[in-house]
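# Report on the structure
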Amino acid sequence: GAAAVLEEGAAGPDPGAAVTPDLLASAIDAASALTAHGCLDDLSLQLGGGDGGDGDGPVLVKRAVNLLVESVCRADLPSSPRTELSALKFLLTAGCRVASPGDGAGEGGDAP
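Keep in mind that this is a model prediction, so the values were computed, not measured.

Here is what the cut-offs are and how they apply
Position labels on residues start from 1 in each chain and follow its written sequence. A pLDDT threshold of at least 70 governs which residues receive local features in this predicted model, and a stricter bar of 80 or more applies before side-chain atom pairs are shown or counted, although totals over entire chains, interfaces and linings include all residues. Hydrogens and water are ignored here; the side-chain numbers use all heavy atoms of the structure. For the purposes of this entry, the term helix denotes a DSSP run of H or I that reaches at least four residues, the term strand denotes a run of E that reaches at least two, and both are numbered from the N terminus. Burial classes: relative accessible area under 20% of the type maximum marks a residue as buried, over 50% as exposed, and values in between as partly exposed (1.4 Å probe, protein chains only). Contacts were defined at the residue level, with two residues in contact if any of their heavy atoms lie within 4.5 Å. Note on patches: the residues involved have over 30% relative accessible area and no salt bridge, like charges join within 9 Å, and the nonpolar side chains Val, Leu, Ile, Met, Phe, Trp and Tyr join within 5 Å. With residues, only the protein chains shown are counted as cover, and all accessible areas are computed by Shrake-Rupley using a 1.4 Å probe. Salt bridges are defined as contacts in which a side-chain nitrogen from Lys or Arg sits within 4 Å of a carboxyl oxygen from Asp or Glu. N or O atoms within 3.5 Å of each other form a polar contact, as long as, within protein, one can give a hydrogen and the other can take it, and as long as residues adjacent in sequence are counted only when both atoms are side-chain atoms. Every residue is assigned a pLDDT by the predictor, reflecting its confidence on a scale from 0 to 100. Lines fitted to C-alpha atoms define the axes here, with helix axes fitted over just the stretch in contact, and angles between the N-to-C directions of these axes take values from 0 to 180 degrees. The scheme is simple: roughly parallel for angles under 35 degrees, roughly antiparallel for over 145, roughly perpendicular for 65 to 115, oblique for anything else. Crossings are classed by handedness, with left-handed meaning an anticlockwise turn of the near helix from the far one by less than a right angle and right-handed meaning a clockwise turn. Residue classes follow a fixed rule: Ala, Val, Leu, Ile, Met, Phe, Trp, Tyr, Cys and Pro count as nonpolar, while Asp, Glu, Lys and Arg count as charged, and any other residue, Gly among them, counts as polar. Starting at the helix axis, one direction is taken to each C-beta atom, and the arc is that of these directions.

This part covers the overall build of the protein. Helix and strand counts for the protein stand at 4 helices and 2 strands. Along the chain direction, N to C, the helices and strands of the protein fall in the order α-α-β-β-α-α. Evaluated residue by residue, the protein yields a buried proportion of 20% over its 112 residues. Summarising the internal contacts of the protein: among those between residues at least 6 apart in sequence, 41% fall at separations of at least 24.

Here it is in structure tokens:
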């Protein structure tokens, strides 16, 4: 199940929990739909800050859509036409939703 994907045991990952091209395409399609509807516009993620449990490590704050774009660009997408099409659709959708740096969007600005 999902826990097997997140936690690998001593014997390695569960072979039944492999990420298939269809699963990857479905996940990218879901990200496209969330992005197209603006659900990720104001969502930022805080990464880090947990060196040894003391909370003093470096903290990186990134917009969720930017993190997803980086992930899709860096992913080794299987040569499945559906996965490649889903990735392209997501990147185009995200590109249409990204505000230009000078418009103040996401910083409390009054941009449309």
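Here we take up a nonpolar patch on the surface. Side chains of L43, L45, L47 and L60 sit close together on the surface and give an oily, nonpolar patch of about 290 Å² of accessible area. Of note, L45 is situated in strand β1 (residues 44-48). Judged by relative accessible area, which is 31%, L45 ranks as partly exposed.

A few words now on the side chain of S32. Relative to the elements of secondary structure, S32 occurs in helix α2 (residues 21-36). On the accessibility criterion, S32 (1% relative accessible area) is buried. Of the polar contacts made by the side chain of S32, one reaches the backbone nitrogen of F90; its length is 3.4 Å.

With the rule as written, the count across this model stands at 3 salt bridges. Across the salt bridge formed by K62 and E70, the nearest N and O atoms sit 2.6 Å from each other. Residue E70 is classed as partly exposed on the basis of its relative accessible area, which comes to 30%. A network of salt bridges, in which partner residues are shared, links D22, D29 and R82.

Confidence in the prediction for the protein averages 75 pLDDT; 67% of positions are at 70 or higher. Mean pLDDT across the elements of the protein ranges from a minimum in helix α1 (residues 2-6), with 43, to a maximum in α2, with 92. Considering only residues more than four positions removed or in separate chains, one finds that residues 102-112, a stretch of pLDDT under 50, has 4 contacts.

This next bit is on the packing of α2 against helix α4 (residues 81-97). Packing of α2 against α4 leaves a shortest axis separation of 9 Å and a crossing angle of 15 degrees. It follows from the interaxial angle that α2 and α4 lie roughly parallel. Seen along the crossing, α2 lies across α4 with a hand that is left-handed. On the side of α2, the interface is formed by P21, D22, L24, A25, S26, I28, D29, A31, S32, T35 and A36, while α4 contributes R82, T83, S86, A87, K89, F90, T93, A94 and R97. Tallied by class, residues from the contact of α2 with α4 come to 9 nonpolar, 6 polar and 5 charged.

So, about helix α3 (residues 64-74). Within the sequence span of α3, burial applies to A64, V65 and V72. In an axial view of α3, the angular spread of the buried residues amounts to 95 degrees, which keeps them on one side of the axis. Exposed residues pointing more than 90 degrees away from the buried face of α3 are listed as C73 and R74. Buried residues along α3 sit in contact with α2, β1, β2 (59-63) and α4.

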